[in-house]
2 protein chains.
Amino acid sequence: MDLVNLEFIQSISTPSPTKIVLVVIDGLGGLPNPETGKTELETANTPNLDKLAASGTCGLIDPVSPGITPGSSPAHLALFGYNPITFEVGRGVVEAMGIDFDLEPGDIAARGNFCTVDKAGLVTDRRAGRISTEKCTELCQLLDGLALEGVRLFVRPVREHRFVVVFQGEGLAPDVSDSDPQQVGVVPKTIVALNPQADVMADIANQFVAQAKTILAKYHPTNMVLLRGFSRRPQLPTMSEVYKLNSAAIASYPMYRGLAKLVGMQVLETGVSIKEEFVTLRQNYANYDFFFLHIKGTDSAGEDGDFDRKVSVIEEVDKALPGLTSLEPDVIVVTGDHSTPALLKGHSWHPLPILLYSQWCRPDGVGEFSESACILGGLGRFPATQIMPLAMAHALKLSKFGA
Amino acid sequence: MDLVNLEFIQSISTPSPTKIVLVVIDGLGGLPNPETGKTELETANTPNLDKLAASGTCGLIDPVSPGITPGSSPAHLALFGYNPITFEVGRGVVEAMGIDFDLEPGDIAARGNFCTVDKAGLVTDRRAGRISTEKCTELCQLLDGLALEGVRLFVRPVREHRFVVVFQGEGLAPDVSDSDPQQVGVVPKTIVALNPQADVMADIANQFVAQAKTILAKYHPTNMVLLRGFSRRPQLPTMSEVYKLNSAAIASYPMYRGLAKLVGMQVLETGVSIKEEFVTLRQNYANYDFFFLHIKGTDSAGEDGDFDRKVSVIEEVDKALPGLTSLEPDVIVVTGDHSTPALLKGHSWHPLPILLYSQWCRPDGVGEFSESACILGGLGRFPATQIMPLAMAHALKLSKFGA
């Protein structure tokens, strides 16, 4: 939903003691194993999910729109009800969230690469041979806190050759070009302002690059940096504002905690395992009326092309499910943010199954939670941005529109 | 999709060697024969389409939106991914395309009728008794190339009393009213500019009508002309711009070649039969990565109310299909532009079946290509404008959106 629709939902949302739990099994949707004709979810033994699907109502969601393969940020914004095309999250912000860096509203973040340049300054390797994360950490320490007039600087390692640089100060604007030329054999680009408000930012970014170049000169093959995706965290109306929800996020991966913070959720301390995440839910159940519980392992397995591991992670979620259902939330939604078929070893555009359970749902004929069965579900096929209004409705948190 | 969405698709589309073939069986959707309860498609023996449906994924499309019966132009624009409400093709332009007239970007085309007026100048027959096309051709020759200051004029016969007039010159704008009063017993209307930019056009059009009236005075019952639908070919972003596709059209009817040209497709020489169209596809297969293959016979049969002939044309397409599938395109889409049920003898609003086959599609339970079976398809029911993003995705031609 874009801003107009969020304002509409805001105008009819009402606080109430009912509780909603949104379980996001990252990259849930799959493609059939050619040998069995069954997807990961269809292969997994999931008696608890199937039981919930049978008593709930099911469907298929498109994260953005048919055919669009989303990254994790747009896919999650859609799950939370925000139109991901209207509310774009820049690459720099995504990287900062990925390392749990708390961006202030005015901060500008950029994604950085350590790279290799030759004597003429031409880029010879955009990733500096994919150095170790350890090496990256050492190099970041050399650059962290460099003196730039009027700006506080943070340089933090991400993984291998990747780092994040955050510029903190007055009057900065993110509308500047990349220095990363996206090819070798050329010099890094000068960063230019895309509008006059960004002149200061461009100037400071170029100063940073120049200083980094000097400092790194003796550290071949990591003798230069490339920056891209300058961005500021988007100003989103919060879940509390739009839905009047007191919301909490349970996610073991930093990126998803960051996304939850963007929409104003309280991020809860949790462990890394699925079991621990469900324990965190139980421990905090009394204190919030909306929970976003994120499971990462399915997506990672899909990205690795590991069909069987994805099946196992789904089965692990299924085993943990009674810990949720026994709490008897008013609404339970189980879905994913996008498909990550092991066959494609990456995110995909395929619609993914959703189940919504509530005392007030209208059950359909779907008796198992799977891509094939959900085609025939009562929710039909719909955009992910409509999940929140549906969940809110089933929790009796949306008042009548019009008289 | 409107312009914003096309820009979004453009931002993530990438050129690649994969190939997409879009087969449009014009007016494909039907209504059940009251005696058998089966539609034209359900009556036809289509083993090849059924096989493709079984291994692909199916659904139903709405050409514009539920309940809307589209003409061929909007229906095709939707198939190509262009929101047909945003990008309207005027009646004059449609008529010009229908006779293969190559409109230049600045040309203004209007649809003309030869009509009958009485001595007082009142219209007595808006179609002049539906004269023969031969007669129309002779009359057009009288008017073609009339001298109008600063404008080159083309008057071309269409069929029976219908003709096209094209005004070519500097400073013309299409925003003028019709002269056709759409009723008898009144005088033809003076053409007026709907905004100041169209003053010249209105003046020239009225001059043309006045000269035509003089010339035709002695040719009762075709002693006057009525003009309507002044329009310029819309400036559409091309398929090459939006999708980075090198696209080709195979269509035996001029109108569809014209529509393909509007979106920048290369129009291939072909014969009139379905068989010849598929031969053209094979001959040119190496040279393009997107093919639009148009079959007209189904729509014509539907318009004629000839249920059986429509069945036969569908069977003919089915027989030709192996000539396409043996090429092993990465994506095959088979659908229509709209429904033309023989029972209604015209276009209708009913959604129509679509099948999408690709190595990367997620098969559903649909085992035959029919209206009834496609209701349960994995693609669900969706607007025709989403076909292109879906086809592009399955051809791995869309990169991930966001991080």
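Residues numbered from 1 in each chain as written. Chains lettered and ligands numbered in written order. Predicted model: local features only at pLDDT ≥ 70, side-chain atom pairs only at ≥ 80, totals over all residues. Heavy atoms only, no water.

K.L.:
Outline the packing of helix 4 (residues 72-79) of chain A against helix 9 (residues 254-262) of chain A, supporting the account with residue identities and numerical values.
P.N.:
All names here are of chain A. Here helix 4 crosses helix 9 at 45 degrees, and the two axes come no closer than 10 Å. Comparing the axis directions of helix 4 and helix 9 gives the class oblique. By crossing handedness, the relation of helix 4 to helix 9 is classed as right-handed. Along the contact surface, helix 4 presents Ser-72, Ser-73 and His-76, while helix 9 presents Met-255, Tyr-256 and Leu-259. In the contact of helix 4 with helix 9, the residues fall into three nonpolar, three polar and no charged. (Axes fitted to C-alpha atoms, helices over the stretch in contact; angles between N-to-C directions. Helix = DSSP H or I, 4+ residues; strand = E, 2+ residues; numbered from the N terminus. Parallel < 35°, antiparallel > 145°, perpendicular 65-115°, else oblique. Left-handed = near helix turned anticlockwise from the far one by under 90°. Contact = heavy atoms within 4.5 Å. Nonpolar A, V, L, I, M, F, W, Y, C, P; charged D, E, K, R; others polar.)

K.L.:
Help me get a handle on the sheet that holds strand 8 (residues 247-251) of chain B, residues and values and all.
P.N.:
Residue and element names in this part refer to chain B. One open sheet accounts for eight strands, arranged 9-8-10-1-11-12-2-13; its pairing is mixed. At either margin of the open sheet sits one strand with a lone partner, and together these are strand 9 (266-267) and strand 13 (380-383). Pairing analysis gives five bridges linking strand 2 (residues 57-62) to strand 12 (residues 352-358), with the strands arranged antiparallel. Looking across to strand 12, one finds that Gly-59 is bridged to Ile-354. Set on the sheet, helix 4 (residues 72-79) makes contact with strand 1 (20-25), strand 2, strand 10 (290-295) and strand 11 (331-335); between it and strand 1 the angle comes to about 155 degrees. (Pairing = 2+ DSSP bridges.)

K.L.:
So what's going on with the interface of chain A and chain B? Which residues, and what values?
P.N.:
Opposite the 32 residues of chain A that make contact, chain B presents 25 residues. Along the contact surface separating chain A from chain B lie zero salt bridges. For the pair chain A and chain B, the interface holds 11 residue pairs in polar contact (both at pLDDT 80 or more). Considering only residue class, the side of chain A that touches chain B consists of 18 nonpolar, 10 polar and four charged. (Salt bridge = Lys/Arg side-chain N within 4 Å of Asp/Glu carboxyl O. Polar contact = N/O pair within 3.5 Å; in protein donor to acceptor, adjacent residues only side chain to side chain.)

K.L.:
Tell me about a nonpolar patch on the surface, residues and numbers included.
P.N.:
Together, Leu-376 of chain A together with Ile-375 and Leu-376 of chain B give the surface a local cluster of nonpolar side chains, amounting to about 310 Å² of exposed area. Position of Leu-376 of chain A among the secondary structure elements: in the loop between helix 14 (371-374) and strand 13 (380-383). (Patch = residues over 30% accessible without salt bridge, like charges linked within 9 Å, V, L, I, M, F, W, Y side chains within 5 Å. Areas by Shrake-Rupley, 256 points an atom, 1.4 Å probe, with all protein chains shown as cover.)

K.L.:
Could you give an account of helix 9 of chain A, naming the residues involved and the relevant values?
P.N.:
Since the α-helix packs 3.6 residues into each turn, any two residues three or four apart lie on the same face. Residue and element names in this part refer to chain A. Across the nine residues of helix 9, seven count as buried, placing the element largely inside the fold. Elements that come into contact with the buried residues of helix 9 comprise helix 4, helix 5 (91-98), strand 8 (247-251), strand 9 (266-267) and strand 10 (290-295). At the exit of helix 9 stands Gly-264, carrying a positive phi of roughly 80 degrees. (Buried < 20%, exposed > 50% of the residue type's maximum accessible area, 1.4 Å probe, protein only.)

K.L.:
Any details on the relation of the copies chain A and chain B? Residues and values, ideally.
P.N.:
Taken as rigid bodies, chain A and chain B are interconverted by a rotation of 125 degrees and an axial shift of 0.2 Å, the fit giving an RMSD of 0.2 Å. Taken together, the rotation and translation describe the operation of a three-fold axis. Of the C-alpha atoms belonging to chain A, the one lying closest to the rotation axis is found on Leu-376 of chain A, 3.7 Å away. A distinct binding surface is used by each copy, with only 3% of the interface residues of chain A retained as interface residues in chain B. (Least-squares fit on C-alpha atoms with pLDDT ≥ 70 in both.)

K.L.:
I'd like to hear about the side chain of Thr-69 of chain A, residue by residue, with values.
P.N.:
Take Thr-69 of chain A: it is sitting in the loop between strand 2 (57-62) and helix 4. By relative accessible area, Thr-69 of chain A is classed as buried at 9%. A distance of 3.2 Å separates a polar side-chain atom of Thr-69 of chain A from the backbone nitrogen of Trp-349 of chain A. Apart from residues no more than four positions distant in its own chain, Thr-69 of chain A is found in contact with His-347, Ser-348 and Trp-349 of chain A together with Ser-399, Lys-400 and Phe-401 of chain B.

K.L.:
How would you sum up the environment of Asp-175 of chain B? Please name residues and give values.
P.N.:
All names here are of chain B. Along the chain, Asp-175 turns up in the loop between strand 6 (162-169) and helix 7 (199-216). In this structure, the C-alpha to C-alpha distance between Asp-175 and Met-201, residues 26 residues apart in sequence, is 8.2 Å. With near-sequence residues (within four places) excluded, Asp-175 lies in contact with Val-192, Ala-193, Leu-194, Asn-195 and Ala-198.

K.L.:
Describe the pattern of salt bridges, with residues and values.
P.N.:
Residues and elements named next belong to chain A. Applying the stated criterion across every chain, the model contains 32 salt bridges over all chains. Between Arg-91 and Glu-95 there is a salt bridge; the shortest N-O distance is 2.9 Å. Here Arg-91 and its partner Glu-95 are both found in helix 5, four residues apart, which amounts to about one turn of the helix. Residue classification places Arg-91 among the partly exposed residues on the basis of a relative accessible area of 29%.

K.L.:
Residue-level account of the sheet that holds strand 13 of chain A, with values.
P.N.:
All names here are of chain A. Across the sheet, eight strands lie side by side as 9-8-10-1-11-12-2-13; this open sheet has mixed pairing. The open sheet has two edge strands, strand 9 and strand 13, and neither has a second partner. Sheet topology places strand 1 (residues 20-25) next to strand 10; six bridges connect them, and they run parallel. Within strand 10, the residue paired with Val-24 across the bridge is His-294.

K.L.:
So what's going on with the side chain of Thr-222 of chain A? Residues and values would help.
P.N.:
Residues and elements named next belong to chain A. For Thr-222, the location among the structural elements is in the loop between helix 7 (199-216) and strand 7 (224-231). For Thr-222, a relative accessible area of 0% gives the class buried. A polar side-chain atom of Thr-222 sits 2.8 Å from the main-chain carbonyl oxygen of Tyr-219. Every residue in contact with Thr-222, bar those within four places of it in the chain, is listed here: Phe-114, Cys-115, Ala-128, Ile-131, Lys-135, Leu-139 and Leu-216.

K.L.:
For the environment of Lys-135 of chain B, give the residues involved together with the corresponding values.
P.N.:
Its place among the elements puts Lys-135 of chain B in helix 6 (residues 133-143). Here the alpha-carbon distance between Lys-135 of chain B and Asn-33 of chain B, two residues 102 residues apart in the chain, equals 39 Å.

K.L.:
Mind laying out the packing of aromatic side chains, listing which residues take part and the relevant values?
P.N.:
Applying the stated criterion across every chain, the model contains 18 aromatic pairs over all chains. An angle of 65 degrees between the planes, with centres 5.4 Å apart, marks the rings of Phe-101 of chain B and Phe-154 of chain B as edge-to-face. Of this pair, Phe-101 of chain B sits in the loop between helix 5 (91-98) and strand 3 (108-117) while Phe-154 of chain B sits in strand 5 (residues 151-159), placing them 53 residues apart in sequence. Under the relative-accessibility criterion, Phe-154 of chain B is labelled buried at 10%. Judged by centre distance (5.9 Å) and plane angle (80 degrees), the ring pair of Tyr-288 of chain B and Phe-291 of chain B falls under edge-to-face. Judged by relative accessible area, Tyr-288 of chain B falls into the buried class, the value being 14%. An aromatic cluster is defined as three or more aromatic residues linked by ring pairs; in this entry it consists of Phe-167, Phe-208 and Phe-230 of chain A. Seen from the ring of Tyr-285 of chain A, Lys-19 of chain A lies directly overhead, with NZ or CZ sitting 4.9 Å from the centre. (Phe/Tyr/Trp six-rings, centres within 6.5 Å; stacked < 30°, edge-to-face > 60°. Lys NZ or Arg CZ within 6 Å of the ring centre and 35° of its normal.)

K.L.:
Could you give an account of the pairing of strand 3 (residues 108-117) of chain A, with specific residues and numbers?
P.N.:
All names here are of chain A. Most of strand 3 is tucked away: 10 of the 10 residues are buried. Burial along strand 3 is two-sided: Ile-108, Ala-110, Gly-112, Phe-114 and Thr-116 and Ala-109, Arg-111, Asn-113, Cys-115 and Val-117, pointing in opposite directions, are all buried. As judged from the six bridges shared by strand 3 and strand 6 (residues 162-169), these two strands associate in the antiparallel manner. By the bridge assignment, Asn-113 is partnered in strand 6 with Arg-162. Pairing geometry for strand 3 and strand 7, over six bridges, is antiparallel. Each bridged residue has a counterpart across the sheet, and for Arg-111 the counterpart in strand 7 is Arg-228. Taking the residues that link successive antiparallel strands as the turn, the strand 3-strand 4 (residues 123-125) hairpin has five residues, and the phi of Gly-121 there is positive, at about 90 degrees.

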